[in-house]
Amino acid sequence: MSLSSMPTTLMRSPSLGPVVTTLAAAPVISGPYTQDKFLRELPKPLHASGDFLFVRDLGVAWRTVLPFASELIITHDALIERQDGGSTTRIAADQQPAVRLVARIFFAVFSLDFDQLGQLFTLSLVNDDAQGWQLGLQPKQAGTAGVIHAIVVSGHRDVERVRMFEPGGDRTEIEFHDTRVSTVPADAAQRARFALSK
């Protein structure tokens, strides 16, 4: 990511600016997460928890531990879902163009890549103070708006919470805990989690 592509108001942010600088240099970001999926037809959200692994040159590995074990691998070229029983489903981006869009969004949000975010969204710094920052994302194009109505990313020293609002009214809220931002390239075990994505 080129920091020169970061909007001036965001670059000057005392809380967000250092976060972007740190994430831009990180080849690996990982940690535990909790997720709540709010569906209009259900009275209570669907809760899940697990851990994630973002490897800049490979993708995002999204492992769910509760309520049941599974793993979702998102790369530039495919979406792969592995169930605890061993079954694997792979959807290639050239078969389903929405996969490539979802990958771009996930990659950009995880690393606060303003090159990609600026192409897909109109950015606005909603909050910026000693308590943290909050960044609002509104889709620029109809294709993106068909998948995501809006995204709100917030945090303090890193990305701590992501809220994704869908066009139909559903929303997903993800919270990240004890995120590890590494300056060391992914090791063999981390890279192995993406082995079936090729």
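Up top you'll find the structure we're talking about.
Cut-off values and rules
Sequence order sets the numbering: in each chain, residues are counted from 1 along the sequence as written. Two thresholds apply to this predicted model, a pLDDT of at least 70 for residue-level local features and 80 or more for giving and counting side-chain atom pairs, whereas whole-chain, interface and lining totals are computed over all residues. Processing note: side-chain calculations cover all non-hydrogen atoms of the structure and skip hydrogens and water entirely. Only DSSP runs of H or I covering at least 4 residues are called helices, and only runs of E covering at least 2 are called strands; the numbering of each starts at the N terminus. Burial here depends on accessible area, computed with a 1.4 Å probe over protein chains only, as a share of the maximum for the residue type. Under 20% is buried, over 50% is exposed, and the range in between is partly exposed. Contacts are assigned to residue pairs that have any heavy atoms within 4.5 Å of one another. Computed with a 1.4 Å probe, the accessible areas rest on the Shrake-Rupley method; for each residue, only the protein chains presented here act as cover. Two residue types count as positive, namely Lys and Arg, and two as negative, namely Asp and Glu; His and chain ends fall outside the count. Where a charge lies is defined by one atom per residue type: Lys uses NZ, Arg uses CZ, Asp uses CG and Glu uses CD. Any Lys or Arg side-chain nitrogen located within 4 Å of an Asp or Glu carboxyl oxygen qualifies as a salt bridge. Only the six-membered ring of Trp is used, alongside the rings of Phe and Tyr, when aromatic pairs are assigned; centres must lie within 6.5 Å, and planes under 30 degrees apart are stacked while those over 60 apart are edge-to-face, with the rest tilted. Cavity means a closed set of points on a 1 Å grid over the protein atoms alone, one where a 1.4 Å probe fits but cannot get out, pocket means an open set with protein on both sides within 12 Å along at least 5 of 7 lines, and lining means a residue has an atom within 4 Å of a point. Grid points are joined across faces, edges and corners, and a volume is the space filled by probe spheres set on the points. Note on residue classes: Ala, Val, Leu, Ile, Met, Phe, Trp, Tyr, Cys and Pro are nonpolar, Asp, Glu, Lys and Arg are charged, and everything else, Gly too, is polar.

A.B. asks: Got a minute to help me understand the overall build of the protein in this structure?
C.D. replies: Scanning the protein for helices and strands turns up six helices and 12 strands. Here the protein holds 198 residues, and 44% of them are scored as buried. Residue pairs in contact within the protein that sit at least 24 positions apart in sequence constitute 45% of those at least 6 positions apart. Summed over all atoms, the accessible surface of the protein reaches about 10,100 Å², with 54% contributed by carbon and sulfur. Mean positive and mean negative side-chain charge positions of the protein (19 and 21 charges, respectively) differ by 3 Å.

A.B. asks: When you look at the pattern of salt bridges in this model, what are you seeing that I'm missing?
C.D. replies: Working definition: two side chains of opposite charge can pair if their charged atoms are close together. A full pass over the atoms with the stated rule returns 10 salt bridges. Residues Asp-51 and Arg-63 are paired through a salt bridge, measuring 3.2 Å at the closest nitrogen-oxygen approach. Of this pair, Asp-51 sits in strand β2 (residues 46–55) while Arg-63 sits in strand β3 (residues 59–66), placing them 12 residues apart in sequence. Of the charged contacts, one joins Glu-71 and Arg-82 as a salt bridge, the two residues approaching to 3.1 Å between their closest N and O atoms. Within this pair, whereas Glu-71 is found in strand β4 (residues 70–74), its partner Arg-82 is found in strand β5 (residues 78–83), the two being separated by 11 residues in sequence. Relative accessible area serves as the criterion here: at 10%, Glu-71 is assigned to the buried category. Each of Asp-51, Arg-63, Glu-71, Arg-82 and Arg-193 takes part in salt bridges that share partners, so that together they form one network.

A.B. asks: Where do I start with the packing of aromatic side chains in this structure?
C.D. replies: Aromatic rings considered in pairs are described by the distance between their centres and by the relative angle of their planes. Taken as a whole and judged by the stated rule, the model has 11 aromatic pairs. With 6.0 Å between their ring centres and 5° between their planes, Phe-54 and Phe-110 make a pair best called stacked. With Phe-54 in strand β2 and Phe-110 in helix α3 (residues 97–111), this residue pair connects regions lying 56 residues apart in the sequence. For the pair formed by Phe-54 and Phe-110, the shared burial category is buried. Every member of this aromatic cluster is reached through a ring pair, and the members are Tyr-33, Phe-52, Phe-54, Trp-62, Phe-106, Phe-107, Phe-110 and Phe-176.

A.B. asks: Can you help me understand empty space enclosed by the protein in this one?
C.D. replies: Under the definition given, this model contains one cavity of 30 Å³ or more. The space that makes up the largest cavity amounts to roughly 150 Å³. Val-109, Phe-110, Val-159, Val-162 and Phe-176 are, among the 16 residues lining the largest cavity, the residues nearest its centre. Of the residues forming the lining of the largest cavity, the biggest block, four residues, is contributed by α3.

A.B. asks: I tried to follow the environment of Ala-24 on my own but got confused; where do I start?
C.D. replies: Assignment of secondary structure puts Ala-24 in helix α2 (residues 16–24). Ala-24 gets classed as partly exposed once you look at its relative accessible area, which sits at 25%. C-alpha separation for the pair Ala-24 and Leu-112, spaced 88 residues apart in sequence, amounts to 7.6 Å.

A.B. asks: Could you clarify how one ought to interpret the layout of surface pockets in this entry?
C.D. replies: One water molecule sets the probe size; rolling that probe over the atoms shows where empty space is left. Roughly 700 Å³ of volume is contained in the largest pocket. Around the largest pocket, the lining comprises 23 residues; the ones closest to its centre are Gln-35, Lys-37, Trp-62, Leu-72 and Thr-172. For the lining of the largest pocket, the secondary structure elements donating two or more residues are β1 (28–38), β2, β3, β4, α3 and β11 (171–176). Partitioning the lining of the largest pocket into residue classes produces 14 nonpolar, five polar and four charged.

Everything listed is a geometric property; what it means functionally is a separate question.
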